[in-house]
Amino acid sequence: MREGNEMELSAYFKSVLEQDRSPVVLCDLKHAIVYMNPAAAKRYAKQGGGALQGRSLLGCHTPKANELIERVVAWFGQSPDHNLMYTFRNDEENKDVYMVALRDESGGLIGYYEKHEYRDRETMDLYDFKP
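In short, a report on the structure.

Attention now goes to the overall build of the protein chain. Helix and strand content of the protein chain: 3 helices and 5 strands. When the elements of the protein chain are put in sequence order from the N terminus, they spell out α-β-β-α-α-β-β-β. Dimensions of the protein chain, computed from the C-alpha atoms along their principal axes, are close to 50 × 45 × 30 Å. Taking all 131 residues of the protein chain together, the buried fraction comes to 30%. Charged side chains in the protein chain number 17 positive and 21 negative. The centres of these two groups are separated by 5 Å.

So, in structure tokens, the structure goes:
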């Protein structure tokens with residue numbers, strides 16, 4: 001990648017996250033929330049929404065959940081091939097939740113994020129250009 005394109009590319013990545021309809025919460029290895037997309041801020045509004053950025057994710061979970069989060073992060077650190085962990089099923093919302101490793105260009109673990117995958121069929125019309 002050319003040096004000048006790195007900043008431009010980060011704007012594209014941020015836009016992808018900003019437009020995602022599913023919550024995305026990025027954390028560093030100390031469990032500090034470094035980013036929440038608008039869908040995550042809305043979903044976690046009762047817990048503080050966007051104001052949670054900079055705070056520990058561990059403060060939002062039970063001790064048992066925190067133990068599991070720590071175990072997953074340790075597993076991510078064991079191998080660059082350890083990148084995805086299925087963590088929760090929500091039948092009411094018909095979704096699965098995962099923890100996903102975040103890695104730097106050399107493959108080193110730099111954090112993780114929470115990924116929600118909804119299984120409902122899309123209700124939007126195909127190629128609906130109406131505003």
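So much for the structure itself; the text now carries on.
Of note, Asn37 is situated in the loop between strand 2 (33-36) and helix 2 (38-43). On the basis of relative accessible area, Asn37 is assigned to the buried category, the value being 0%. Polar side-chain contacts of Asn37 include one of 2.9 Å to the backbone oxygen of Ser22. Looking at Asn37, its side chain comes within polar contact range of the main-chain nitrogen of Ala40, at 2.9 Å. If near-sequence neighbours (up to four positions away) are discounted, Asn37 is found in contact with Leu17, Asp20, Ser22, Pro23 and Val24.

Here the focus is the packing of aromatic side chains. Counting across every chain of the model gives 2 aromatic pairs. Aromatic pair Trp75 and Phe76: ring centres 5.9 Å apart, planes at 45°, arrangement tilted. Centre to centre, the rings of Tyr86 and Tyr98 are 5.4 Å apart; their planes meet at 45°, and the pair counts as tilted. Pair noted here: Tyr86 is in strand 3 (residues 84-90) and Tyr98 is in strand 4 (residues 95-103), with a separation of 12 residues, a long-range link.

A separate point is the layout of surface pockets. Reported here for the largest pocket is a volume of approximately 700 Å³. The wall of the largest pocket is formed by 28 residues, among which Tyr44, His61, Thr87, Val97 and Glu114 lie closest to the centre. Of all the elements in the fold, those that place two or more residues in the lining of the largest pocket are strand 1 (24-28), strand 2, helix 3 (63-78), strand 3, strand 4 and strand 5 (109-118). The greatest single-element share of the lining of the largest pocket, amounting to 5 residues, is contributed by strand 3.

Calculation rules
Residues numbered from 1 in each chain as written. Predicted model: local features only at pLDDT ≥ 70, side-chain atom pairs only at ≥ 80, totals over all residues. Heavy atoms only, no water. Helix = DSSP H or I, 4+ residues; strand = E, 2+ residues; numbered from the N terminus. Buried < 20%, exposed > 50% of the residue type's maximum accessible area, 1.4 Å probe, protein only. Lys, Arg positive; Asp, Glu negative; His and termini not counted. Charge placed at Lys NZ, Arg CZ, Asp CG, Glu CD. Polar contact = N/O pair within 3.5 Å; in protein donor to acceptor, adjacent residues only side chain to side chain. Contact = heavy atoms within 4.5 Å. Phe/Tyr/Trp six-rings, centres within 6.5 Å; stacked < 30°, edge-to-face > 60°. 1 Å grid on protein atoms, 1.4 Å probe; cavity = no way out; pocket = protein on both sides within 12 Å on 5 of 7 lines; lining within 4 Å. Points joined across faces, edges and corners; volume = space filled by probe spheres on them.

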